[in-house]
Amino acid sequence: KKKRKSKGPWFVWLLVVLSVVAWWSLYQSKWFIAQEVSISGNSRLTVEQITATAAVPIGNSLMSINPGLITEQLQALPEIKVATVERGWPHSILITVTERTPIAVAATVSGYNLIDEEGLNAGVVAVPPAGLIVISAQPDSPAMTNAIAALAAIPAEWAITGLSATTQDSVVVTLGNGVVITFGSGERAADKVEVAQALMEKGYTVINVSA
C-alpha cells in the first residue's frame with residue numbers, strides 16, 4: 001500500500017505566506033495609508049485646533065496609528081468631554097468629539113474659565129460670554145461643583161448677580177433685589193431653593209438655608 005503524504009507542512013507554509021501577505025498589506029502597502037482626517041461633533045473648537053492636537057501622522061499605515069493615544073491627546077483639551085477615534089478604511093481617521101457646554105464662568109489671573117454642568121473647566125476666554133454668570137470659586141474644585149449644583153436649582157426669575165464659594169460648604173448667592181442667600185453646600189439645593197423662596201415672600205433679605 002502507498003502511504004498518503006501528509007499535507008500538514010504545506011498547510012503551515014500556506015498560513016505563513018498568507019500571514020506575511022496580510023501583514024504587508026496592512027503595514028507596508030499603499031492600500032491602507034492614512035490620507036485624511038474626518039472630524040465631527042465640534043462647534044466651539046475649530047477643525048484646525050482639533051487636527052493640530054490629534055497630530056495624526058498622515059502618510060503612515062492605518063494599522064500603525066494608535067487611536068487610543070490620539071483620544072488621550074484630544075481629551076486633554078478642556079473643551080472636549082469625550083473623544084472617539086476610529087480607523088476609517090481604507091484611508092481615513094475618523095474623530096468624533098462631544099464638547100463641554102459652558103453654563104457659567106470663573107475669573108482667574110489669566111482670564112476667564114468657562115465652567116460646565118459638572119463644575120469642570122470647559123475652556124478659557126478673555127471676556128465672559130453674555131448670559132453666563134461669573135462664579136467666584138476655584139475651577140475644578142469641590143467648591144465649584146457645589147456652586148454649580150446650587151446654580152442649577154435656582155430659578156431664572158431670581159436674577160442672580162453674584163455667586164461665590166470659598167469652600168464646598170460656603171455657597172452664597174446674591175440676587176438683583178439685594179437678597180443674600182447662604183446655601184452652605186450644594187446638596188439638596190432644590191429643597192433649599194423652596195425654603196428660601198418662602199422666606200423671601202415673607203420679606204426676609206438675609207437668608208441662611210445651609211441647615
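Here the structure is a predicted model, which means the values were calculated and not measured.

Cut-offs and rules
- All chains use their own residue numbering, which begins from 1 and follows the written sequence.
- Only residues with pLDDT of at least 70 get local features here, since the model is predicted, and only at 80 or more are side-chain atom pairs given and counted; chain-wide, interface and lining totals rely on the full set of residues.
- Hydrogens and waters are ignored; side-chain quantities use all the structure's heavy atoms.
- Strand pairing requires that DSSP identify at least two bridges connecting the strands.
- Strands are runs of DSSP state E lasting at least two residues, helices are runs of H or I lasting at least four, and both sets are numbered from the N terminus onward.
- With axes taken as lines fitted to C-alpha atoms, and helix axes fitted only over the stretch in contact, angles between N-to-C directions fall between 0 and 180 degrees.
- In this description, contact between two residues means that some pair of their heavy atoms is separated by no more than 4.5 Å.
- For the purposes of this section, nonpolar cores are sets of buried Ala, Val, Leu, Ile, Met, Phe, Trp, Tyr and Cys residues that join through side-chain atoms within 4.5 Å.
- Each residue gets one of three labels from its accessible area relative to the maximum for its type: buried under 20%, exposed over 50%, partly exposed in between, using a 1.4 Å probe on protein chains only.

J.: Before we move on, can you summarise the sheet that holds strand E4 (residues 104-108) with the specific residues and values?
T.: On the basis of which strands lie adjacent, the open sheet formed by eight strands has the order E6-E5-E4-E7-E8-E9-E10-E11 and mixed pairing. Across the chains shown, the open sheet's two edge strands, defined by having one partner strand only, are strand E6 (121-125) and strand E11 (206-208). Recorded for the sheet is a direction-independent mean angle of 25 degrees between the axes of neighbouring strands. Here five bridges tie E4 to strand E5 (residues 111-115), and the two strands are oriented antiparallel to one another. Across the sheet, residue Thr108 finds its bridge partner in E5, namely Gly111. Lying on the sheet, helix H5 (residues 189-201) is in contact with strand E9 (171-175), strand E10 (180-184) and E11; it crosses E10 at an angle near 155 degrees.

J.: Give a detailed account of the nonpolar core, specifying residues and quantitative values.
T.: Among the nonpolar cores identified, the biggest contains 27 residues, and Ile135, Trp158, Ile181 and Phe183 are the most heavily contacted of them. The set of elements that each furnish at least two residues to this core consists of E4, strand E7 (133-136), helix H4 (142-153), strand E8 (160-165), E9, E10 and H5. Ranked by the residues each element gives to this core, the list is headed by H4, at six residues. With near-sequence residues (within four places) excluded, Phe183 lies in contact with Ala150, Ile154, Trp158, Val171, Val173, Ala189, Lys192, Val193, Val209 and Ser210. Counting residues in each nonpolar core, the second largest holds 17 residues, with Ala54, Ile80, Val85 and Val97 among its members.

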